[in-house]
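# Breakdown of the fold
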Amino acid sequence: MPLAQMYRRFGEVDAAGTSPLYERIAVALSESGEALRAIEKAPARKRHPALILAALHDLALAGHAPALAAAYAAADVDAAAGAAIDTLVRMTDAVVAIAGRRRVRTDETGRCAVLYPAIAEAAHRVGANAVGLIDVGCSAGLNLNVDRVGIAYSDGQTLGDPSSPVQISASIVGDRPVPARAMPEVVARVGVDLDPVDVTDVDEARWLRACVWPDQAERVARLEAEIALAATDPPLLLQGDAVEVLYDAFARVPADALPVVTTTWALSQFPLESRLRFLHRLDEMATGRTVAWVSVEGVGVAPAIPTFGDRRASGHSITGLAVFEHSTLRVEGVGRCWSKGRLLSWLADPRH
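This section reports on the structure supplied with the text. Every value quoted in this text rests on a predicted model; they were computed, and no experiment measured them. (Residues numbered from 1 in each chain as written. Predicted model: local features only at pLDDT ≥ 70, side-chain atom pairs only at ≥ 80, totals over all residues. Heavy atoms only, no water.)

So, about unusual backbone geometry. Non-glycine residue Ala 304 carries a positive phi angle of around 80°. Here Ala 304 shows up in the loop between strand 8 (291–298) and strand 9 (317–325). On the basis of relative accessible area, Ala 304 is assigned to the partly exposed category, the value being 43%. Of note in this structure, Phe 308 is not a glycine but carries a positive phi near 60°. (Helix = DSSP H or I, 4+ residues; strand = E, 2+ residues; numbered from the N terminus. Buried < 20%, exposed > 50% of the residue type's maximum accessible area, 1.4 Å probe, protein only.)

Written as structure tokens, this is what we have:
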């Protein structure tokens, strides 16, 4: 897709109705020859609007683009468009450098609304009194605080910590509620990522903020609370290939706790061969202990997880639960979810 068309589409489709600032800026960039020539100085795979806009936002947050920061603060779409073009043209090298070493992050505990009941269900099924969480593709590891947030569902059900500074909500689709079980004690929190983000590092935390669209106040406020919560007790973050690092991750979970591996929209980044190796590695880890895997992935992405007969690329994801125990693998699709966990449908048999 030509660059101008890509930016116009981002503004008129992806940002439309969600972010007036980014809608206006993306269209303005698509119409500016100077801006497009500046973007073309970045490697081809680093020219995506979400990444370039995050790089501009990072400069604004760091105090290097005051006019853009002021336009964002005022939610002035026309001023923001002009300032974005000016910043991009004037600071092309800085924008390209940021985009070159970064990737867009979507660290949002909204997905905890899906993870919490599934993790609690895994522990219940094997009678575990404690769990060790291993989040693959963790980024900053915010999902590892799943038991430390408060979750309110549209049917009145609540889970987690009602006094937590991080409160999230999710809508229930269908008439079956999520299980009311509380998650057992979490005794280990381990994140695995090729490029983990340390929220106690000022530059890294600022990049997380930069990836949130500036006029989405609710998301901005929630991320601030999530970063603060994670910083009070940072998880252990292991860097490297997930399949290889899992050995080390499992070693950090006490022997009397159930290791629960979680993947949320992470396996889609793996080629099929690596996904199968990942499944095999979980099986290997279960040689001497029971292991659970909670997956929230697109239809057909997570190997061995049933799909309810749904079509691939259907717009929703499958929540899967796999238990590896005594050389036996039990797998089940326990639900569907949409919008990164903001809507979910629990489908598992309540008799379990």
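A turn of α-helix holds 3.6 residues, and therefore any two residues three or four places apart point the same way. Burial in helix 11 (residues 242–251) covers these residues: Ala 242, Val 243, Val 245, Leu 246, Ala 249 and Phe 250. Buried positions in helix 11, seen along its axis, are confined to an arc of 145° and lie on one side of it. Buried residues in helix 11 make contact with strand 1 (130–136), strand 5 (185–193), strand 6 (236–239), strand 7 (258–264), helix 12 (272–285) and strand 8. (Arc of directions from axis to C-beta. Contact = heavy atoms within 4.5 Å.)

Going through the model one piece at a time under the given rule, you end up with 4 aromatic pairs. Taking 5.7 Å as the distance between ring centres and 65° as the angle between the ring planes, the aromatic pair formed by Phe 10 and Trp 213 counts as edge-to-face. Of this pair, Phe 10 sits in helix 1 (residues 3–14) while Trp 213 sits in the loop between helix 9 (202–210) and helix 10 (217–232), placing them 203 residues apart in sequence. Judged by relative accessible area, Phe 10 falls into the buried class, the value being 4%. A relative accessible area of 14% means that Trp 213 is categorised as buried. (Phe/Tyr/Trp six-rings, centres within 6.5 Å; stacked < 30°, edge-to-face > 60°.)

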